[in-house]
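Structure at a glance
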Amino acid sequence: MVSSPARTSTSARTKPAGEVGGRRAFTIGLEEEFFLVGARTLAVPRRVDPAVFRRAEAVTRGRAKPEFLQAQIEIVSGVHDTLRGARAEMAELREAVADTADAHGLAVLAAGTHPGADWRRVRQTEAQRYDRVMDQLQMIGRRDLLCGLHVHVELPDPARRVEIMRRMVPYLPLLLALSTSSPFWAGLPTGLKGYRLAAYAELPRTGLPPAFRSEAEYRTYVDAMARAGAIPDASYLWWAIRPSASLPTLELRAPDCCTRLDDAIAVAALYRVLARHLYRTRPAADDMPAVTHALAQENQWRAQRSGVQASFVTRDGPEPVAAVLERLLRQAADDIDALDCAAEVAHCRTIVAEGTSADAQLAVYEQHVAGGHRAALRAVLQWLRDETIATRADPEPRTIAGPPLLPSHDPEADRDSL
């Protein structure tokens, strides 16, 4: 995400994103990772023709790109002042990528895991960076058949990203719970609403970030890791939230890829609201930071296990996800108003009331399981295919305008992938 307002997408500037210290702030950008599947079989292919990615990149003006494994594709928004602009662009990008896939006998699915995929069939995308990652990760890299939603928010002072990252950790379980879309793995129900992070935890440097107290501590850690040859740079830190290595943003990485676009926008809106709220409020004194981090770890597991039906652990007792959400919306009411995103954030209530993609997938599975396990899984795959492109663009100008969130879609330059 670029910091200059002159390069911000102009598709939806209806209200400033909030000004702090005399400059525009809290611009937002999204990245969504999808599965590519056979249009008829809905199975992930062993190999994808590079022409698919070349065409997708061309029709989206550089907003679609390959991912780590060939059965994945990613779309990347421009920089937006409003969620309405971001939603309009992501709807258009979803449609453009789906149309491109269809022209090549493929379809796209938005979910944290593919319900029936065999990771052993999938090949790595050919790129020097991905070669290095695969060499380091070995079989764990081959099992990384997972798709997430990443949300970038630019803070007025990028030097405060580490502080806000530390203070954001207790809220990550809520953002994950609202996004859960991975109840199946390798053809089996997992018993979890969000299995993706359980699989992703096999990778090093994932999960909740360490509780760095300052930018200096974070930099000391990164420098030590780089000098030791453990990582080339900070882009090899794959935590649930991190300071972007190539952009002046704080990047949320915990959520599953949301099947429904409106769910993705709601999660992005809530994260943006929380970023502004934490930035402009003083941190509460915490005399037990280890306890705070440990409770967040437990609540992340509860979000993975039960999604929006989870009850989180607090120092005062259990608190259902619905109650956690309502408390945060009350606390951040001024930030919601300043960012003009009341409708988008309110959709979080709808997710809690009606369930996430994971809940819908499991309901579809149960409706069809009498016909056999394979038939039920296929029904889930069909639902995912249809819902991924069900939401069309808003009645705003349907143009992909402004620069992309990421400056390059060459994997060697795109240091925010994986």
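Residues numbered from 1 in each chain as written. Predicted model: local features only at pLDDT ≥ 70, side-chain atom pairs only at ≥ 80, totals over all residues. Heavy atoms only, no water.

When its secondary structure is counted, the chain shows 15 helices and 13 strands. Counting over 418 residues, the chain shows a buried share of 59%. Of the contacts formed within the chain by residues at least 6 apart in sequence, a portion of 79% connects residues at least 24 apart. As displayed, the chain offers around 16000 Å² of accessible surface, 51% of which is attributable to carbon and sulfur atoms. (Helix = DSSP H or I, 4+ residues; strand = E, 2+ residues; numbered from the N terminus. Buried < 20%, exposed > 50% of the residue type's maximum accessible area, 1.4 Å probe, protein only. Contact = heavy atoms within 4.5 Å. Areas by Shrake-Rupley, 256 points an atom, 1.4 Å probe, with all protein chains shown as cover.)

Turning our attention to the nonpolar core. Judged by nonpolar contacts, the single largest core of 129 residues is most densely connected at Met 168, Leu 172, Leu 174, Leu 178, Leu 270 and Tyr 271. Take this core: its biggest share by element is 14 residues, from helix α9 (residues 261–280). With near-sequence residues (within four places) excluded, Tyr 271 lies in contact with Val 151, Val 153, Met 168, Leu 175, Ile 241, Leu 250, Glu 251 and Leu 252. (Core = buried A, V, L, I, M, F, W, Y, C linked by side-chain atoms within 4.5 Å.)

The full count for this structure, using the stated rule, is 25 salt bridges. For Glu 74, the salt bridge is made with Lys 65, and the minimal N-O distance between the two is 2.6 Å. Grouping residues by exposure puts Glu 74 and Lys 65 together as buried. Among the ionic contacts, a cluster of salt bridges with common partners joins Arg 276, Arg 280, Asp 334 and Asp 335. (Salt bridge = Lys/Arg side-chain N within 4 Å of Asp/Glu carboxyl O.)

Before going further, it helps to spend a moment on helix α2 (residues 83–103). For α2, built from 21 residues, the straight-helix expectation of 30 Å at 1.5 Å per residue is met to within 8% by its first-to-last C-alpha distance of 30 Å. One or two positions beyond α2, positive phi appears at Gly 105, with a value near 75°. (Expected span 1.5 Å × (residues − 1).)

This part takes up the state of the cysteines. Enumeration over the complete set of coordinates arrives at zero disulfides. As a non-bridged cysteine, Cys 341 has Cys 348 as the owner of its nearest cysteine sulfur, 9.3 Å distant. (Disulfide = S-S within 2.5 Å.)

This part takes up the layout of surface pockets. Space inside the largest pocket adds up to approximately 1000 Å³. For the largest pocket, the lining is made up of 31 residues, of which Arg 167, Pro 170, Tyr 171, Asp 286 and Thr 292 are closest to its centre. Of all the secondary-structure elements, those providing two or more residues to the lining of the largest pocket are α5 (161–168), α9, α10 (289–306), β12 (311–314) and α11 (321–331). Tallying contributions element by element places α10 first for the lining of the largest pocket, with six residues. (1 Å grid on protein atoms, 1.4 Å probe; cavity = no way out; pocket = protein on both sides within 12 Å on 5 of 7 lines; lining within 4 Å. Points joined across faces, edges and corners; volume = space filled by probe spheres on them.)

A few words on the pairing of strand β6 (residues 106–109). Neither face of β6 is open: one carries Leu 106 and Val 108, the other Ala 107 and Leu 109, and all of them are buried. The pairing of strand β3 (residues 28–38) with β6 spans four bridges and is antiparallel. Pairing of Leu 36 across the sheet is with Val 108, part of β6. (Pairing = 2+ DSSP bridges.)

Its place among the elements puts Ala 230 in the loop between α8 (215–227) and β10 (241–243). On a C-alpha basis, the gap between Ala 230 and Gln 136 in space is 9.6 Å, while along the polypeptide they are 94 residues apart. Setting aside residues up to four positions removed in sequence, Ala 230 forms contacts with Gln 136, Arg 205 and Met 225.

This part covers the pairing of strand β11 (residues 249–252). Judged by which residues are buried, β11 turns out to be covered on both faces: Thr 249 and Glu 251 on one side and Leu 250 and Leu 252 on the other are all buried. With four bridges joining them, strand β7 (residues 149–154) and β11 adopt antiparallel strand pairing. Residue Val 153 lies in a different strand from β11, and its bridge partner there is Leu 250. Bridge analysis of β10 against β11 gives three bridges, and the strand direction is antiparallel. By the bridge assignment, Pro 243 is partnered in β11 with Leu 250. Count of turn residues in the β10/β11 antiparallel hairpin: five residues.

What follows is about the packing of aromatic side chains. On inspection of all chains with the given rule, the structure shows nine aromatic pairs. Centroid distance Phe 212 to Trp 239: 5.9 Å. Interplanar angle 50°. Geometry classified as tilted. Taken together, the positions of Phe 212 in the loop between α7 (196–200) and α8 and Trp 239 in the loop between α8 and β10 put the pair 27 residues apart, joining distant regions of the chain. On the basis of an interplanar angle of 45° and a centroid distance of 5.9 Å, the ring pair of Tyr 236 and Trp 238 is categorised as tilted. Residues Tyr 236 and Trp 238 agree in their burial class; the two are buried. One aromatic cluster is present, built from ring pairs that chain together Phe 212, Tyr 218, Tyr 221 and Trp 239. For Arg 160, the ring lying beneath its charged end belongs to Tyr 279, and the centroid distance is 4.1 Å. The positively charged end of Arg 205 is found above the aromatic ring belonging to Trp 238, 5.3 Å away from the centroid. (Phe/Tyr/Trp six-rings, centres within 6.5 Å; stacked < 30°, edge-to-face > 60°. Lys NZ or Arg CZ within 6 Å of the ring centre and 35° of its normal.)

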